[in-house]
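Structural features, examined
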Amino acid sequence: MQINQILSRCARLRALLVALSGFASGLGLPVAAAEQPRRVVSMNVCTDQLAMLVAAEGQLHSVSYLARDPNTSVLADRTHGLVLNHGLAEEIFLMRPDLVLAGTYTTRTTVELLRRLGIRVEEFAPDSSIADIRLNILRMGEVLGRNERAAALVAELDQGVAELAGAKASQRTVATYYANSYTSGSGTLVDEIVKLSGLVNVADTLGLRGTARLPLEMLVLASPDLIAASDENYDAPALAQANFVHPAFRAIAENGRSVALPSRYTICGAPFTLEAARLLRGAASKLDQENAR
């Protein structure tokens, strides 16, 4: 269906809903206040989780289907009772939201269609630092009218950061390693997590920025103390994971040098993100203890 056709259908639906709302008002029936969002729809896994942490009971109506995937979402078990959406303009419009939450990379067609239909859409950029996490939590508190709850979450985050920063740094080296031989270099949330854990990011020392390729040869030559990889496996053999079955990778990842770092802790920013730093710190401590024997 063409965009203009979708827009036309949604416009007719909107006119009908407005008419019904006016009819209810005329009969003295309650109509939701416009000052504070009461029916919120999120269509991005990161705004899903921030909204679940910040929103008042009954305020959040729908989250994206990715929010129920435990490999992607830390809060997957909190999605029961919420409507799942797939980010389609028509399905979201029919939910009659007074606020839609989206990421800056969320489907642009859907975002623009909803705005043209007069629906308020707030976009949140991905987190690339702890400072970004703080800002997005506080902003979520503002758009949901839940500033006190947001401030409490920021205080929880800051306390966790202070505890990690106050512990002795091990200075062990770690390489994050993903499918297709990707790693996280400087300027990423993962790099900041590694620093908080007290470890040294191999990608950073190699001068890699952002999400970049780390060839297996470079990984072997760097000989990191630890290799942090996601704990998810594809259901079927895939070239994307060929680097994990290569004999050279297995040789450097054996003997307790590999640590599972679930991607759900690093995809989105929240107080739970610090769990990734705790996992890395724990793996380094375990390695120190084993070498001391």
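To keep things clear, this report deals only with the structure shown in the data block.

Cut-offs applied
Residues numbered from 1 in each chain as written. Predicted model: local features only at pLDDT ≥ 70, side-chain atom pairs only at ≥ 80, totals over all residues. Heavy atoms only, no water. Pairing = 2+ DSSP bridges. Helix = DSSP H or I, 4+ residues; strand = E, 2+ residues; numbered from the N terminus. Axes fitted to C-alpha atoms, helices over the stretch in contact; angles between N-to-C directions. Contact = heavy atoms within 4.5 Å. Parallel < 35°, antiparallel > 145°, perpendicular 65-115°, else oblique. Left-handed = near helix turned anticlockwise from the far one by under 90°. Nonpolar A, V, L, I, M, F, W, Y, C, P; charged D, E, K, R; others polar. Buried < 20%, exposed > 50% of the residue type's maximum accessible area, 1.4 Å probe, protein only.

**Some details on the sheet that holds strand β2 (residues 60–64)**
Pairing in this open sheet of 5 strands is parallel, and the strands run β3-β2-β1-β4-β5 from one edge to the other. A strand with exactly one partner marks an edge of an open sheet, and here the two such strands are β3 (83–85) and β5 (121–124). Taking each pair of neighbouring strands and ignoring which way they run, the sheet shows an average axis angle of 25°. Note: strand β1 (residues 40–42) against β2, 2 bridges, orientation parallel. Looking at β2, one finds that valine 40 is bridged to leucine 60. Of the strands in this sheet, β1, β2, β4 (99–103) and β5 touch helix α2 (residues 45–54), which is tilted by about 150° from β2. Contacts from helix α5 (residues 130–144) reach β1, β4 and β5, with the element oriented near 170° to β5.

**Quick notes on unusual backbone geometry**
If you check the backbone angles, glutamine 171 has positive phi at about 65° while not being a glycine. Among the secondary structure elements, glutamine 171 is positioned in the loop between α6 (147–166) and β6 (173–177). Here the phi dihedral of serine 223 falls at roughly 45°; this positive angle occurs in a residue that is not glycine. Relative to the helices and strands, serine 223 resides in the loop between α9 (216–222) and β10 (226–229).

**As for the packing of helix α7 (residues 189–197) against helix α12 (residues 274–292)**
At a minimum axis distance of 8 Å, the contact between α7 and α12 shows a crossing angle of 50°. When the axis of α7 is compared with that of α12, the two are oblique. Once α7 is placed against α12, the crossing between them reads as right-handed. Facing Ile193, Val194, Leu196 and Ser197 of α7, the residues of α12 in contact are Leu274, Ala276, Ala277, Leu280 and Arg281. Grouping the constituent residues of the contact of α7 with α12 by class yields 7 nonpolar, 1 polar and 1 charged.

**Some thoughts on the pairing of β6**
Counting buried residues in β6 gives 4 out of 5 residues, a clear majority hidden from the surface. Note that β6 and strand β8 (residues 200–201) share 2 bridges and pair parallel. Bridge pairing in β8 links threonine 173 to valine 200. Two elements, β6 and β10, share 4 bridges in a ladder whose sense is parallel. Within the sheet, the bridge partner assigned to alanine 175 lies in β10 and is isoleucine 227.

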